[in-house]
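# Notes for the structure review
The primary structure of each chain is shown beneath.
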Amino acid sequence: MSLLTVHDLVVETEHARLVDGVSFAVGAGRTLGLVGESGSGKSVACLSVLGLPPRGVQIAGGRILFDGDDLRTKTPAELNALRGREIGMILQDPMTSLNPLLTIGRQITEMFRYREGVTSRSEREARAIELLRRVRIPAPESRLNSYPHQFSGGMRQRVAIAMNLACNPRLLIADEPTTALDITVRLQILDLLREVQAERGTAIVLVTHDLHLVRRYCHDVAVMYAGRIIEQGPVEQVFARPRHPYTKGLLGAVPRLRDLQHRLTVIPGQPPLAGSIAQGCRFAPRCPRAQADCLSAYPATRAIDAHRGVACWHPEPDPQTADALLATAAS
Ligand SMILES: Nc1ncnc2c1ncn2[C@@H]1O[C@H](COP(=O)(O)OP(=O)(O)OP(=O)(O)O)[C@@H](O)[C@H]1O
Ligand code: SF4
Ligand SMILES: [Mg+2]
């Protein structure tokens with residue numbers, strides 16, 4: 001069974017549906033990459049899973065099963081206890097996980113005191129220094145007395161990551177955890193997350209714009225478009241044979257260069273505004289494969305094999321099937 005199973009999650013404001021029937025699962029020791037253009041609902045979906053939807057936004061439907069327990073039935077206090085213990089979160093803004101009024105050293109050492117019952121102060125400090133070293137904070141001994149505002153954005157994010165690792169969560173939800181970091185540190189941090197995952201079997205949801213990172217660090221990928229997941233499956237299969245025209249466009253937009261800083265921007269056109277009412281497929285205005293019937297109803301996600309799903313009336317042909325070979329031969 002997957003450690004986290006999200007089923008048909010719907011998240012709304014009074015005026016707009018921001019996440020519209022999203023389902024995904026991630027098992028122990030696995031990393032799911034959640035990708036999609038800006039505004040597609042990745043952060044709203046993740047925050048909702050964590051029980052922290054943004055102000056003015058409510059979870060309107062669906063189930064969020066963590067180890068078989070529906071998180072939607074938990075009280076705020078129960079959720080709070082789960083977060084930071086069983087469920088770690090690294091959010092786009094690292095200040096959400098840091099206390100601006102306490103020194104970095106204090107925040108980390110207190111965690112060792114309360115979470116792990118480490119009574120010796122010098123041991124707590126030594127562990128804090130070790131942890132900061134692991135996330136590549138230079139000269140960590142001299143940093144314990146600094147406050148978060150004395151750190152750069154990238155350093156704060158590294159501290160937030162360190163604090164999450166110290167809690168040893170079973171599930172880690174990381175929303176663009178390394179975007180503020182330069183490329184070398186970014187890869188070091190993601191390598192570290194992978195190392196920790198191999199040691200402890202952590203399940204990870206990694207939100208990113210960067211398909212190179214998905215290819216390098218994720219086992220599975222879910223592609224979001226306008227509040228829905230339009231394709232998902234094992235990374236190797238989806239990257240080698242994308243079936244949704246949007247996925248194919250995204251992958252086509254990635255230069256062959258080893259340019260790890262590349263972000264997804266290059267499919268012509270714009271996604272629909274959140275909450276705009278559209279009948280049928282929301283990608284239709286930008287889709288090279290669109291046909292008249294695409295506008296008649298939204299394509300439900302169909303399983304195309306045991307591990308893959310795609311929401312499209314006319315998916316790209318599977319290049320391995322006879323049909324595709326015939327279509328190529330005929331064209
Ligand atoms: N508090 C809020 N109230 C109303 N709408 C919101 C709120 N937060 C986000 N939205 C809207 O929800 C949609 C999804 O936003 P979200 O932040 O989840 O996108 P995202 O995929 O994480 O984008 P990015 O890649 O830029 O982080 C957007 O249209 C956004 O404007
Ligand atoms: S349903 Fe139609 S418009 Fe939508 S992605 Fe598929 S082919 Fe394109
Ligand atoms: Mg976001």
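No experiment lies behind these values; they were computed from the predicted model shown. (Residues numbered from 1 in each chain as written. Chains lettered and ligands numbered in written order. Predicted model: local features only at pLDDT ≥ 70, side-chain atom pairs only at ≥ 80, totals over all residues. Heavy atoms only, no water.)

## Here's the deal with helix α4 (residues 121-134)
Spanning 14 residues, α4 covers 20 Å between terminal C-alpha atoms, matching the ideal 20 Å at 1.5 Å per step. If you check which residues of α4 are buried, you get Arg124, Ala128, Ile129, Leu131 and Leu132. An end-on view of α4 places all buried positions within 160 degrees of arc, on one side of the element. Against α3 (104-116) and α5 (153-167) lie the buried residues of α4. Just past α4, the residue Arg136 takes up positive phi, approximately 65 degrees. (Helix = DSSP H or I, 4+ residues; strand = E, 2+ residues; numbered from the N terminus. Expected span 1.5 Å × (residues − 1). Buried < 20%, exposed > 50% of the residue type's maximum accessible area, 1.4 Å probe, protein only. Arc of directions from axis to C-beta. Contact = heavy atoms within 4.5 Å.)

## Some thoughts on the site of ligand 2
Around ligand 2, a shell composed of 13 residues is seen, among which Cys281, Cys287, Cys294, Cys312 and Trp313 lie nearest. Grouping the amino acids of the shell around ligand 2 by side-chain chemistry returns ten nonpolar, two polar and one charged. (Near = heavy atom within 4 Å. Nonpolar A, V, L, I, M, F, W, Y, C, P; charged D, E, K, R; others polar.)

## Details of the site of ligand 1
In the vicinity of ligand 1 there are 16 residues, among which Ser38, Gly39, Lys42, Ser43 and Val44 approach most closely. Contact distances for ligand 1 include 2.4 Å between an oxygen atom and a side-chain N or O atom of Ser38. Here Arg55 contributes a backbone N or O atom positioned 3.2 Å from a nitrogen atom of ligand 1. If ligand 1 stood free it would expose 630 Å²; the protein chains cover 67% of that surface. (Polar contact = N/O pair within 3.5 Å; in protein donor to acceptor, adjacent residues only side chain to side chain. Areas by Shrake-Rupley, 256 points an atom, 1.4 Å probe, with all protein chains shown as cover.)

## Some remarks on the sheet that holds strand β7 (residues 171-175)
Spatial strand order, β6-β7-β8-β3-β9-β10-β12-β11: eight strands in an open sheet with mixed pairing. Sheet topology places β6 (87-90) and β11 (302-303) at the edges, where each strand pairs with a single neighbour. Pairing geometry for β6 and β7, over four bridges, is parallel. Each residue of the ladder has a partner; that of Ile87, found in β7, is Leu171. Sheet contacts for α5: β6 and β7; angle to β6, the most-contacted strand, approximately 175 degrees. (Pairing = 2+ DSSP bridges. Axes fitted to C-alpha atoms, helices over the stretch in contact; angles between N-to-C directions.)

## What about the confidence of the model for the protein?
Detailed conclusions should not be drawn from predicted coordinates in areas where pLDDT is low. Scored by pLDDT, the protein has a mean of 89; 91% of the residues are at 70 or more. Note that pLDDT drops below 50 for residues 257-263; the model gives that stretch 18 contacts with residues more than four away or on any other chain. (pLDDT = per-residue confidence, 0-100.)

## A look at the pattern of salt bridges
Using the criterion set out here, one finds 23 salt bridges in the structure. As a salt-bridge pair, Glu125 and Arg121 come within 3.4 Å of each other at their nearest N and O atoms. Of this pair, Glu125 and Arg121 are both found in helix α4, four residues apart, which corresponds to roughly one turn of the helix. For Glu125, a relative accessible area of 30% corresponds to the partly exposed category. Overlapping salt bridges bring together Glu12, Arg17, Asp20, Arg228 and Arg282 as one network. (Salt bridge = Lys/Arg side-chain N within 4 Å of Asp/Glu carboxyl O.)

## A closer look at the nonpolar core
Residues Ile108, Val159, Val221 and Tyr246 are the most contacted members of the largest nonpolar core, which totals 59 residues. Tallying contributions element by element places α5 first for this core, with eight residues. The residues that make up this core include at least three from each of domain 1 (4-86 + 169-268) and domain 2 (99-165). Leave out the neighbours within four places in its chain, and Tyr246 touches Gly36, Glu37, Val223, Met224, Tyr225, Ile230, Ile267 and Phe283. (Core = buried A, V, L, I, M, F, W, Y, C linked by side-chain atoms within 4.5 Å. Domains from an automatic or database assignment.)

## Structural notes on the environment of Gln197
If you trace the backbone, Gln197 turns up in helix α6 (residues 183-200). Through-space distance from the C-alpha of Gln197 to that of Asn80 is 23 Å; in sequence the pair is 117 residues apart. With sequence-adjacent residues up to four places away left out, Gln197 is seen in contact with Gly29, Arg30, Thr31, Thr202, Ile204 and His219.

## Here we look at the UniProt feature "domain: ABC transporter" (unreviewed entry) in the protein
Per the UniProt record, "domain: ABC transporter" (unreviewed entry) is annotated on residues 4-251. For the annotated span residues 4-251, helix accounts for 38% and strand for 25% of the residues, and the straight-line distance between the end C-alpha atoms is 27 Å. (UniProt positions renumbered as here; feature names shortened; annotations may be inferred.)

## A look at the pairing of strand β1 (residues 4-12)
Where β1 lies against strand β4 (residues 58-66), seven bridges are found, and the strand directions are antiparallel. Paired with Glu12 across the strands is Gln58, a residue of β4. The pairing of β1 with strand β2 (residues 17-26) spans seven bridges and is antiparallel. The residue bridging Val10 from the neighbouring strand is Asp20, located in β2. Hairpin geometry of β1 and β2 is characterised by an intervening segment of four residues between the two adjacent antiparallel strands.

## Thoughts on the sheet that holds β1
Strand order in the open sheet formed by four strands is β2-β1-β4-β5, and the pairing between neighbours is antiparallel. Since the sheet does not close on itself, it has two edges, and those belong to β2 and β5 (69-70), each with one partner. Against the sheet, helix α1 (residues 42-49) touches β1, β2 and β4, its axis set at about 115 degrees to β1.

## Points about the side chain of Thr202
Among the structural elements, Thr202 can be located in the loop between α6 and β8 (203-207). Assessed through its relative accessible area of 5%, Thr202 is described here as buried. When near neighbours in sequence (up to four residues on either side) are disregarded, Thr202 contacts Ala28, Gly29, Arg30, Pro169, Arg170, Leu171, Leu172, Val196 and Gln197.

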